[in-house]
Amino acid sequence: MALSPGPGLLRFIFRRQLGRHGRPPRRSLGVASRGGKRGSKDVGLVPSILPTLHFQDSLPRLPIPRLENSIARYLRAQEPLLTADQFRRTTAFSHDFQHGLGRELHDMLIFQDQHSQHTSYISDIWLNSYLGRRNPPAFNMNVGLAFQPDPKAEYNDQLTRATNMTVSIIRFLRAFRTHTLEPEMLYLYPERTDTELFKKFIRWIPKSFVCQMATMFNAYPMDMSQNFRLFSTSRLPKFARDILLTDERAKHLLVLRNGNFYIFNILRSNGTMIQTSEIHANLKYILSDESPMPDFPLAYLTTEKRDTWAQLRQELLANGNQEALKKVETAIFSLCLDDLLVQDADHFTQIMLYGNGHNRWFDKSFNLILTNDGSAAINFEHSWGDVMTVLRFMKEVFQDSMKAPAIGPLEGPMATNASRAVKKLHFHLNDSLRAGITNARANYNAAVRTFSVKLVRFKEGKCFLKQEGVSPDAMIHLAFQMAFLGLCGQMVSSYEPCSTAAFKHGRTEVIRSTSIHTKKCSLAFQEPSKHSVAELRDMLSKCSTYHVQLIKEATRGQGFDRHLLALRILADSKKGYLPDIFLDSAYDQLNHSLIFSRHLSNPTLNFGASMPIVPDGFGITYLIQDDCIIFNVTSCSDYNIQDFIQSLKISLEKIIAVLKGKPITH
C-alpha cells in the first residue's frame, strides 16, 4: 500500500504556494563554465546518479476525497456567492445528491480507480476536458512564460541565444530519453539529501517502495509522466474532441520565420545531436532567408475554433499536404524566430501569448520564441501538461544555456552546406483553404482587438507580509476579491490551480479562495470607519488561516472540483442524465470564474501570463518577491483593465495600512 505524502512535504509545498519559500529544492545541473568549445556531444547536463524515473512506480496515488467532505467544501465555496434563499436551494440539491445518486456514482468512481492502479482517477478526465474544448487554445488555454535575459548582454543576440537554447533543449531531451536527467525532487534538507552519498544509497532501494524510503529522509519525488509529451507532440484538431499525437521517432526541428516553415534534422539516426556548429549554421541560413510572408499564412489555422480547424485540416490532407503537415506536427518542438523588437513588458506579454498569428504553431506542445533582440519565452499548449513541468524544463534549459553555452557571440558558423540541410516546407492550397485561412486571420485580428494586458509591480512583498504573520498568497487573493467588489459591486467566483504532482499522474486541484471570510473582510474594508484597526486586522488573520487550509487541502488532493467533475461525467455517461446539483444555476455560476489566477515561482522566470478562462473575466499571474509583487493581468472583456488594476492597488494599500496598524484614510 502506497504511503501518502507526509507532513514535511506538505509544509514545503505550502511555503511555495503561499510565497513562503524556505530552502529551495536543489537540483544538480552539473553545467560547465562559459567559454568551452563544443561539438556534438551532449554535454552540459551531468548524468544523474539516479535514473530519471527511479521513483515513478512507487509514487503515492491521488486520493479520491470522501463524498461528504467534497459536498461540505462545495457548499463553503458557494455560500459567499449566493443569497440566503439561493444557498438553501443549493444546499438541498447537494444533500440530495450526497445521500442519493451521488453515493452510487462515488462508489462507481472508487471501483474504476481500484482497477486503474497505473494512473490517477483524474488524469484521463482532465486531459479529455481540455481536448473537448472548442475555443482556440491561443486565446483560452495556452500559457506564456518569459525567460530572464542572459546575464551577459552579448549572449542575447537572437542567433546566439536561439542556438544556445536549442542546444540546451536537445540536451534536456537526450537526458530524459537516456534516463540520465535528474529526477524531479523536493529536498526539505538539501544539505543532507541532495548529496552524492544519499543518491547512491537510494539508488539501490527497490523501485516498489523507494518513494516511501525517500520520504523518511524528507526527500519527496514528483511525478514526471508529463515529460513524455514535452517533445514531438502536437494537439490535432478533431470534431467534438481533439487528440494528442506524439512521435518519439522524430529527428527534426521546426523553425518558423515570417510565416514560413523550415525543418532540419537535429538528431542523427542513432538519437545523438548533430554538431552545434551545424545548428548554428542552419539557423543563420534561415535568418538570412529573405522570403516574404506567404499570402495565406498557414499558422493562422491554429488560432481558429477547433471544429472549423478540424474541417480545414481534413482538406489540407486531402489536397496533398500529408507529408508537410506530418513534419510540422511531429517536430521535436517549434522554434519561432520573430522580427519583432520588444518595446516593454506589456508588448512582450502580447508576443508570447498570441504573437502575430502567422509565426506560431499553437498546437505544438511548446513554442520557443526568440525576438529580434534576443528576448526569449515559451508558449505551451496546456492539455498535455501543467506549469510545474514546464517551469522545471525552463530552469534546466536556462541554466544550461547560460553556464554551458554551445557558442559564443563572436563565433561565426562553420562552413557547412546549410542549404542542403534545411528544407522549406510548401503547402498546396485550394480556394477553400485560402478562404479558411483568410477567415481565420480575420477572427484572429478580431480577438486581438478585444485583448488588453498590463504588468504592474506593487512595492510591498513577501518579507513584510511574513513579518506580519499572514500568508502573502492569502492577502493577494483577498485583494483580488476586494478589487472586484470595488469595481462591480459583487463577490465573484475565483479559481487558482494547485499542483498535485506529488501523486502519480496528478494534475491540479482548485483553490477556491472566495469564502465567507474574504466576503466579510471585503465588505468591512469598504466601510472601514465602522471597524477598529484591530477588528480589521483580526479579519485579515482569519482570511489568512482559512486560505492556508484551502491550500493544504488542495495539495493533498482534497479539494472538491476534480471529484465533482468526475462524478458529473459518470452521471452523464453511465446514467444518461445529470442530477439537480449539476443543473443548479449556482453550479454554473461557481464554474464561471471571473478571477483566474496563477502563482508562479522560478528564478529563471521574468514573468508569465495566462488568458482569462471566461470571456468576461481576468487572467492574473503573479510572482511574490521579497520586496515586491509582480502582477500580469489580462482581459478580453468590456471591463477596463486600468480600473481593475487601480482597484487592486488601492485594496493592497488598505491591507498594508491595517497590517502596519494604521487607519484607512481613503
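Residues numbered from 1 in each chain as written. Predicted model: local features only at pLDDT ≥ 70, side-chain atom pairs only at ≥ 80, totals over all residues. Heavy atoms only, no water.

A. Expanded view of the packing of helix α4 (residues 101-114) against helix α21 (residues 561-575). The N-to-C vectors of α4 and α21 enclose an angle of 100°; their axes lie 9 Å apart at closest approach. Taken together, α4 and α21 sit at an angle that is classed as roughly perpendicular. Judged by residue contacts, L101, E104, L105, H106, M108, L109 and Q112 of α4 engage H563, A566, L567, L570, A571, K574 and K575 from α21. Partitioned by chemical class, the residues of the contact of α4 with α21 number 8 nonpolar, 3 polar and 3 charged. (Axes fitted to C-alpha atoms, helices over the stretch in contact; angles between N-to-C directions. Helix = DSSP H or I, 4+ residues; strand = E, 2+ residues; numbered from the N terminus. Parallel < 35°, antiparallel > 145°, perpendicular 65-115°, else oblique. Contact = heavy atoms within 4.5 Å. Nonpolar A, V, L, I, M, F, W, Y, C, P; charged D, E, K, R; others polar.)

B. Spotlight on helix α18 (residues 472-488). End to end, α18 covers 25 Å across 17 residues, agreeing with the expected 24 Å (1.5 Å per residue, within 8%). Burial of α18 is extensive: 14 of the 17 residues sit out of reach of the surface. Phi turns positive, to about 75°, at G489, one or two residues after α18. (Expected span 1.5 Å × (residues − 1). Buried < 20%, exposed > 50% of the residue type's maximum accessible area, 1.4 Å probe, protein only.)

C. Main features of the sheet that holds strand β12 (residues 452-458). Spatially, β12-β18-β17-β15-β13-β14 is the arrangement adopted by the 6 strands of the open sheet, whose pairing is mixed. Only two strands of the sheet have a single neighbouring strand rather than two, namely β12 and β14 (508-511). Between one strand axis and the next, the sheet turns through 25° on average, direction left out of account. Bridging between strand β13 (residues 494-499) and strand β15 (residues 595-599) involves 2 bridges; their strand directions are parallel. Residue pairing across strands places S494 opposite I595, the latter belonging to β15. (Pairing = 2+ DSSP bridges.)

D. The arrangement of the nonpolar core in detail. In this structure, F261, F264, F366, L368 and F393 are the most contacted members of the largest nonpolar core, which totals 101 residues. Take this core: its biggest share by element is 10 residues, from helix α6 (residues 158-177). The residues touching L368, leaving out its near neighbours within four places in the chain, are F147, M165, I169, F333, S334, L335, C336, A377 and I378. Residues L67, L105, L485 and L578 belong to the second largest nonpolar core, which totals 42 residues. (Core = buried A, V, L, I, M, F, W, Y, C linked by side-chain atoms within 4.5 Å.)

E. Representation of the pattern of salt bridges. One pass over the structure, following the stated rule, counts 32 salt bridges. Here D194 and K199 are joined by a salt bridge, their closest N and O atoms 2.8 Å apart. Of the two residues, D194 and K199, both sit in the buried class. For the salt bridge of K454 with D346, the shortest nitrogen-to-oxygen distance reads 3.3 Å. Within this pair, whereas K454 is found in strand β12, its partner D346 is found in helix α13 (residues 345-353), the two being separated by 108 residues in sequence. What makes D346 buried here is its relative accessible area of 14%. Each member of the salt-bridge network shares a partner with another, and the members are R134, R235, D242, R306, D307, D363 and E381. (Salt bridge = Lys/Arg side-chain N within 4 Å of Asp/Glu carboxyl O.)

F. Representation of unusual backbone geometry within the structure. Within the chain, N258 stands out as a residue other than glycine whose phi angle is a positive 55°. When you line up the elements, N258 lands in the loop between β6 (252-257) and β7 (260-265). According to the relative accessible area criterion, N258 is partly exposed, its value standing at 24%. Phi angles above zero are rare outside glycine, and H505 is one such case at about 55°. Take H505: it is sitting in the loop between β13 and β14.

G. Summary view of the sheet that holds strand β8 (residues 334-337). Strand order across the open sheet formed by 8 strands is β11-β7-β6-β8-β9-β10-β1-β16, with mixed pairing between neighbours. Strands at the two margins of the open sheet, each flanked by one partner only, are β11 (423-424) and β16 (605-610). Relative to β7, β6 runs antiparallel, the two sharing 6 bridges. Directly across from L256, in β7, lies its bridge partner F261. Relative to strand β9 (residues 366-370), α6 is tilted by about 155°, and along the sheet it contacts β1 (143-147), β6, β8, β9 and β10 (376-380). Packing against the sheet, helix α10 (residues 276-288) makes contact with β6, β7 and β8, and its axis sits at approximately 165° to β7.

H. Structural context of the environment of F264. Residue placement: F264 occurs in strand β7. Residues F264 and L283 lie 19 residues apart in sequence; the distance between their C-alpha atoms is 9.6 Å. Apart from the residues within four sequence positions on either side, F264 is in contact with K251, H252, L253, V255, I274, I279, N282, L283, I286, A421 and V422.

I. Region of the structure containing a nonpolar patch on the surface. Taken together, the side chains of F201, M216 and F217 define a hydrophobic patch exposed on the protein surface, amounting to about 320 Å² of accessible area. Here F201 lies in helix α8 (residues 196-203). Taking relative accessible area as the criterion, F201 reaches 36% and is therefore assigned partly exposed. (Patch = residues over 30% accessible without salt bridge, like charges linked within 9 Å, V, L, I, M, F, W, Y side chains within 5 Å. Areas by Shrake-Rupley, 256 points an atom, 1.4 Å probe, with all protein chains shown as cover.)

J. Representation of the side chain of E329 within the structure. Its place among the elements puts E329 in helix α12 (residues 322-330). A polar atom in the side chain of E329 sits 2.9 Å from the side chain of R313. Setting aside residues no more than four positions away along its own chain, E329 makes contact with T233, S234, L236, L245, R313 and K364. (Polar contact = N/O pair within 3.5 Å; in protein donor to acceptor, adjacent residues only side chain to side chain.)

K. Structural detail: the environment of E468. Position of E468 among the secondary structure elements: in the loop between α17 (462-467) and α18. Distance in space between the C-alpha atoms of E468 and S541 is 9.7 Å, their sequence separation being 73 residues. Sequence-distant contacts of E468, that is, excluding residues within four places in its chain, are made with R537 and L659.

L. Local environment of the pairing of β7. Judged by how many residues are buried, β7 sits mostly within the fold: 5 of 6 residues are covered. Sheet topology note: the β7/β11 ladder contains 2 bridges and is antiparallel. For I263, the partnering residue across the bridge sits in β11 and is K423.

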